[in-house]
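This is what each chain is made of:
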Amino acid sequence: MITPRRILATAATEFRIARRNRWVIIAMALMALFALVLTAAGSAPTGGLGVDRLSVTVASLTSLAVYLVPLLALLMSFDAIAGEVERGTLPLVLTYPVSRAEILLGKLLAHLAVLGLAVGAGYGVAALAALLTDAGSLAGMPALWRLLWSSLALGATFLGAGYALSSLARRPSGAAGLAIGLWLGLVVLYDLGLLAAVVADNGGWFTTSAFPVALLANPADAFRLFNLSASAATAAASGVGGAAAVIPLWQSLVSVLVWPLVALALAHAAFRRVIP
Amino acid sequence: MMTSTLKISALTKRFGDVAALSDVSLAIQPGERVALLGHNGAGKSTMMKIILGLIPATSGRVEVCGAMPGSATARAQVAYLPENAAFHPALTGLEQLRHYLSLRSEDPGQAQQLLDQVGLGAAARRRIGTYSKGMRQRVGLAQALIGAPRLLVLDEPTSGLDPVSRRDFYALLDQFAARGTAILLSSHALTEVEARTDRIVILSGGHLVAEGSLPALRRLADLPVALHVTARNGYAPALMDALPGAILVGGALHMACPQSEKLALLGRIAGLGDKVADLEVLPPSLEDIYSHFSRRDGQ
């Protein structure tokens, strides 16, 4: 039932809209700027760790991506359904021979492309800076590649979540509120809560059993775990990243790969219930 | 007997306790142009949304081109023009049309030609955000003309169009009807659809209160005919005596009679000979007929 032609048509139109609304240029500039700042600020700890410059950069970029990729994804997606409902463009499109899944996949493809350009620009700038100052940085290329594709998986998860919230809220203002709430909850408060619990628990059942599961259950934490445990630069990371040592790589990999599918399934379920 | 393009039987739609449509039945044949009339809230848009599969019916049966409303088969053969058609303001008319053509698996290269057809050729490369309401309506119309739909569902298609565009619009519809497309369009002005549709359906408070061609509705309504008789100088009192029930308005006698007595009354007036300077017969207006039906049911 799902036809690539209709998905691509929707994606092309959505990408054009994102370009017209300056989303492409804003997202690229934002990522490049933050990456540059990180590179400049993080130039000190190299050498002593015995890892190449690029691997250290990837570890810093991971911490950056955990905040920025979900934020960009939610900012692009909160309006996707609610905006169409408010503008009154949804009823007409739903009378076309295009399924709701195709509409969602088309939007996802376009928004992922914008996200890909943004992280490509940001990571590219940072990687270039690392390669220019340390010839041994080529050793860090696999880590950079892993960061790139897992960033897109993280983006897809939050795009899906954004579409779901957009469908549930029906109004862009409501959807924006929900999206910011989700970002704060999953990316900021979740980790703080976990750390507080670990401290209070003082090495008991929570720390040994529940904590790893709680990390894997959050797509942002799983993304961080995956990149840090796969990277040679774990030692350069701090905070929750320290847990990377005890959780097997395959578990965080599964979480990184499964979350986008779960988020998209939720988005589809929510969008199906929207009556134009 | 041809198979109907659209077949609705005993359709009922309730929103909570409110019945938006009650037991409506209707069939439209290929090539037939049907006007759906009613006040705001009479159920026109609700009926169209059910036909398009956008909202489910509470009960009853709807069959669109032999398929369920909203099914892939039905959507491939039905085109829709929403009331106050809206599009993304950042896209140009041309881009929007190319997108719709792709969704219908048609060649996007036809976009310019479709826009020319609705008189938007010159504005094709401008963003829709800069268009007037009438221009957006034309974009809506252009997308409804894509491909060869078997059923056109048009929600107040001529709102926002000037009289000349309106005539062009109906001419376009005639071409589609001639090729076998069934057309269902809604309006709240009977005057506007008068000569342009084969059949008129009037909804009132969710009930189908009248259905038929305009002459048939005229007969069915059986509204009184008004007659204005102008007396020759000085003869007004004499005419008042001869025509009981008439009232004098500015030198002319105004009276009304049922359709069935019209000819007899005309005969009597003719018999008054020289005393009558002029006679005007005013059949019930389209608005009168429409009001008659749309008020009959509890409004």
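Residues numbered from 1 in each chain as written. Chains lettered and ligands numbered in written order. Predicted model: local features only at pLDDT ≥ 70, side-chain atom pairs only at ≥ 80, totals over all residues.

Enquirer: Talk me through the overall build of chain B; I want residue IDs and the actual numbers.
Expert: Helix and strand counts for chain B come out as 11 helices and 13 strands. Relative to its length of 299 residues, chain B is extended, with a C-alpha radius of gyration of 24 Å against a globular reference of 19 Å. With the principal axes as the frame, chain B shows a C-alpha extent of 75 × 45 × 40 Å. For chain B, the proportion of its 299 residues judged to be buried stands at 41%. Of the contacts made within chain B by residues no fewer than 6 positions apart, 69% connect residues no fewer than 24 positions apart. (Helix = DSSP H or I, 4+ residues; strand = E, 2+ residues; numbered from the N terminus. Rg over C-alpha atoms; globule rule 2.2 N^0.38 Å. Buried ≥ 20, exposed ≤ 12 C-beta atoms within 10 Å, placed from the backbone. Contact = placed C-beta atoms within 7 Å.)

Enquirer: Go over the nonpolar core with me, naming the residues and quoting the values.
Expert: Judged by nonpolar contacts, the single largest core of 157 residues is most densely connected at Leu115 of chain A together with Ile51, Ala142, Val153, Val201 and Ile202 of chain B. If you tally residues by element for this core, the top one is helix α6 (residues 100-133) of chain A, at 16 residues. Beyond its immediate stretch of four places on either side in the chain, Ile51 of chain B contacts Leu6, Val62, Val64, Pro69 and Val153 of chain B. Listed in part, the 6 residues of the second largest apolar core include Ala231, Leu239, Leu253 and Ile269 of chain B. (Core = buried A, V, L, I, M, F, W, Y, C linked by C-beta atoms within 7 Å.)

Enquirer: Before we move on, can you summarise the interface of chain A and chain B with the specific residues and values?
Expert: If you look at the interface, chain A gives 20 residues, while chain B gives 22 residues. Elements supplying a minimum of two residues to the side of chain A that touches chain B: α1 (4-20) and α5 (90-94) of chain A. Counted by class, the side of chain A that touches chain B contains 10 nonpolar, 5 polar and 5 charged residues. (Nonpolar A, V, L, I, M, F, W, Y, C, P; charged D, E, K, R; others polar.)

Enquirer: Account for the sheet that holds strand β2 (residues 18-28) of chain B, with residues named and values stated.
Expert: All names here are of chain B. The antiparallel open sheet is built from 3 strands, whose spatial order is β2-β1-β4. In this open sheet, the two strands that pair with only one neighbour each are β2 and β4 (59-64). For this sheet, the mean inter-axis angle between neighbouring strands, taken without regard to orientation, is 20 degrees. Of the strand pairs in this sheet, strand β1 (residues 6-15) and β4 are connected by 5 bridges, and their pairing is antiparallel. Bridging across to β4, Ser9 finds its partner in Arg61. (Pairing = 2+ DSSP bridges. Axes fitted to C-alpha atoms, helices over the stretch in contact; angles between N-to-C directions.)

Enquirer: Lay out the domain arrangement of chain B in plain terms, naming residues and giving numbers.
Expert: The assigned domain composition of chain B is domain 1 (6-219) and domain 2 (224-283). Computed from C-alpha coordinates alone, the two centres of domain 1 of chain B and domain 2 of chain B are separated by 45 Å. (Domains from an automatic or database assignment.)

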